[in-house]
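Inside the fold
What follows is the residue order along each chain.
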Amino acid sequence: MVETIYGERKSCSVLDQQKLGDRARLLRLERCFDFIPGQSLGLSLGESLAPRRYSIASGTKDPWFDVLYTLVEGGELTPQLFQLAAGDRAYVFSPIGSFFDRKPAIASGRIWWIANGTGIAPFASFFRSGRAENRILLHGIRARSEAYFEDEFLREQKLSYRSFVTGSEEAWHRGVRKGRLSTWLRTEGLEEIQKDDYFMLCGSAGMVVEVREILMKAGISHGHIDSEIYF
Amino acid sequence: MDISTAKYISDPNQTGPRDPRGPRLLGLSSDSLAAVLKSYGEPSFRTAQIFDWLYKKDARSFDEMKNIPLPLREKLAAEFELGREEPRSVSESTDGTKKYLFAVNNAGPGATGPRGTKFIESAFIPDEDRATLCVSTQVGCKMGCLFCATGRQGFQGQLDAGAIVNQLLSLPERSRITNIVYMGMGEPLDNIEGSFGSLELFTSPKAIGMSSKRITLSTIGLPGPLKTYLDTFDSHLAISIHSPFDEERASLMPIQRTHKIRDIIDLLRHYHFDDHRRLSFEYIMFAGINDSLEHARELVRLVNGLNCRVNLIHYHSVPGNDLQGADRSVMESFQNLLKEKGIMATIRKSRGEDIQAACGLLSTKALLSPDTDADY
């Protein structure tokens, strides 16, 4: 019954679980389905339990799935995911979604990838699948520990990567800006944005709604803004 | 609409937010209340007695429950808050629609943003032969639909079943209500505990006892919870569609990126709909975007074979986007094409626009404190 609604389900091995700060983990699973970067997969630890969906953070050439998630206190799944180790098993449901990195025919500008928190995951998948040129990645975070995949992004010169940290840490490299991503977009960001640019937003509802409004106020058509909200 | 004649009334006797002493009694299911009373050593008939006071006799304090022994009343008062919350203010439209503001102190699990009192709005919509209450199920909303004022404020928390039924119980016009629609703030299927818990209380003969035929749940379509709703309840269903084209719908409603409308419609084809349980599709019409006859033809193809109706809705502009409402004449042409193809289609009357109570206009964004812990 669960499978009918949520797609095909397979039992897959946990390959690794990496700690990224106190509350975030990168769970690596056996890759048991094909996928398109930008899609999400379902995860469950019980046969009759409905899955929770997580963006796939790995690339098409990776022989595994990477899932980036944070602990939800009192949540139904993440406290149990936290306990997983290599060799354990989890139910993986077939990838779904259409948040794809593709420029529409009408847009001739650059593509901006804008994320907050774990919303960086689909952009990591695009990046690890070979997209970087003409891409500008902005990541809103509270602390350095949330700068997921930073080392990888910094190694690729074709990608313009900037993180915006709202906490008290000082900038730890040239691409780090102190303060809110939304504030930067409203001010200096407007000078960089071009009318033909295309924007992909991923993360919390609050971020997507606020950034979308800033962009539309700047004259960007809603047809040039694609959003995935984590709910 | 003459905005200057809209009346805003607030009760000067309302004080600040009340600190709850404990969990709310209002909203507990019959089984949960029975378990509490059993743990007190009370006989099983007490559950029905207390339900009677809460839902039929309009008790606003434990003291009013005269057939409940004093020791039990005192014990309940010590461990529970009754859960009734009067509206903080009301705005009245020239068309008779009223918008009520309620405070919710317990925003439930999953609440984000700053702590403190939060607010929701409900709309009372009187008509010739009916009076409808539009209830909210969340403080804000996570779905981020481009055209919706509630979406603009993000998400601040879930409403439990008590906070949802309270919107009816504390309504001054309660006795006039004939219909309830889950079309207020929030996505009902993103809060199944509150939405389904309140649905059970609205329809249970032991509680409020409304006919399920008088209730409509409106949703953007989340497959798992939608299936549970269809398998469990027989109230009506409204699906927010707003475009039959995938990419266009995605630009208006980010949920389309995760759950396509075609998949939702495929799920609906497994169920039977008729006057007993009606299926409708909500279609807000935006000038130059989704109001063409090509859209109408594609909409027909999409819902072909489903026993359903389409409600065409005039768009009420909200700040922050580039959308405009379609002209009435364009809406009528769209409607005519749907009818020619055998689809029942209505143009919904717009109510409460002058007090920001019409479709897509409910928002308590102005009452939010700034989120100092934001990462964007």
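Cut-off values and rules
Residues numbered from 1 in each chain as written. Chains lettered and ligands numbered in written order. Predicted model: local features only at pLDDT ≥ 70, side-chain atom pairs only at ≥ 80, totals over all residues. Heavy atoms only, no water. Helix = DSSP H or I, 4+ residues; strand = E, 2+ residues; numbered from the N terminus. Buried < 20%, exposed > 50% of the residue type's maximum accessible area, 1.4 Å probe, protein only. Polar contact = N/O pair within 3.5 Å; in protein donor to acceptor, adjacent residues only side chain to side chain. Contact = heavy atoms within 4.5 Å. Axes fitted to C-alpha atoms, helices over the stretch in contact; angles between N-to-C directions. Parallel < 35°, antiparallel > 145°, perpendicular 65-115°, else oblique. Left-handed = near helix turned anticlockwise from the far one by under 90°. Nonpolar A, V, L, I, M, F, W, Y, C, P; charged D, E, K, R; others polar. pLDDT = per-residue confidence, 0-100. Phe/Tyr/Trp six-rings, centres within 6.5 Å; stacked < 30°, edge-to-face > 60°. Lys NZ or Arg CZ within 6 Å of the ring centre and 35° of its normal. Buried area = accessible area lost by both parts, 1.4 Å probe. Salt bridge = Lys/Arg side-chain N within 4 Å of Asp/Glu carboxyl O.

Residue and element names in this part refer to chain B. Within the element layout of this structure, Phe 334 appears in helix α10 (residues 328-340). For Phe 334, a relative accessible area of 0% gives the class buried. For the pair Phe 334 and Met 285, spaced 49 residues apart in the sequence, the C-alpha separation amounts to 9.6 Å.

Moving on: the side chain of Ser 170 of chain B. Residues and elements named next belong to chain B. Locating Ser 170 in the fold gives a position in the loop between α4 (161-169) and β8 (179-182). One polar contact links the side chain of Ser 170 to the main-chain carbonyl oxygen of Glu 85, over a distance of 3.2 Å. The residues touching Ser 170, leaving out its near neighbours within four places in the chain, are Arg 84, Glu 85, Glu 86, Pro 87 and Phe 102.

A few words now on the environment of Phe 245 of chain B. All names here are of chain B. Note on placement: Phe 245 falls in the loop between β10 (236-240) and α7 (246-252). Taking the C-alpha atoms as reference points, Phe 245 and Ile 208, 37 residues apart in sequence, are found 41 Å from one another. Among all residues touching Phe 245, those that are not within four sequence positions of it are Glu 294, His 295 and Glu 298.

As a further point, take the packing of helix α6 (residues 223-232) of chain B against helix α8 (residues 261-268) of chain B. Packed helices, taken two at a time, are described by their axes: the angle between them and the distance between them. All names here are of chain B. Look at α6 against α8: their axes get within 11 Å of each other, and the N-to-C directions meet at 25°. With respect to α8, the axis of α6 lies roughly parallel. Where α6 crosses over α8, the two elements pack in a sense that is right-handed. Across the interface between the two elements, Pro 223, Leu 226, Lys 227 and Leu 230 of α6 pack against Ile 264, Leu 267 and Leu 268 of α8. When grouped by side-chain class, the residues that make up the contact of α6 with α8 number six nonpolar, no polar and one charged.

What follows covers the confidence of the model for chain B. All names here are of chain B. In the predicted model, chain B carries a mean pLDDT of 90, and the fraction of residues at 70 or more is 91%. Here residues 1-21 scores under 50 on pLDDT; set against residues more than four positions off or in separate chains, the count is 40 contacts. Two summary scores accompany this predicted model of the complex, namely pTM at 0.92 and ipTM at 0.92.

Time to look at the packing of aromatic side chains. Residue and element names in this part refer to chain A. One pass over the full model with this rule turns up 22 aromatic pairs over all chains. Consider the rings of Phe 164 and Trp 184, whose centres lie 5.3 Å apart with planes at 45°: the pair is tilted. Of this pair, Phe 164 sits in strand β9 (residues 160-165) while Trp 184 sits in helix α5 (residues 181-192); the two residues are 20 residues apart in sequence, bridging distant segments of the chain. A relative accessible area of 5% places Trp 184 in the buried class. Taken together through their ring pairs, the aromatic side chains of Phe 99, Trp 113, Phe 123 and Phe 126 make up a single cluster. The lysine or arginine in question, Arg 28, covers the ring of Trp 64, its NZ or CZ lying 3.8 Å from the ring centre.

If you look at the interface, chain B gives 37 residues, while chain A gives 35 residues. Between chain B and chain A, the buried area comes to about 2800 Å², and carbon and sulfur atoms account for 55% of it. Residue Asp 226 of chain A pairs with Arg 257 of chain B through a salt bridge whose shortest N-O separation is 2.7 Å. Where chain B packs against chain A, one counts 13 residue pairs in polar contact (both at pLDDT 80 or more). Contributions of two or more residues to the side of chain B that touches chain A are made by α6 and α7 of chain B. For the side of chain B that touches chain A, the leading source of residues is α6 of chain B, giving four residues. Of the residues that constitute the side of chain B that touches chain A, the class distribution is 16 nonpolar, 10 polar and 11 charged.

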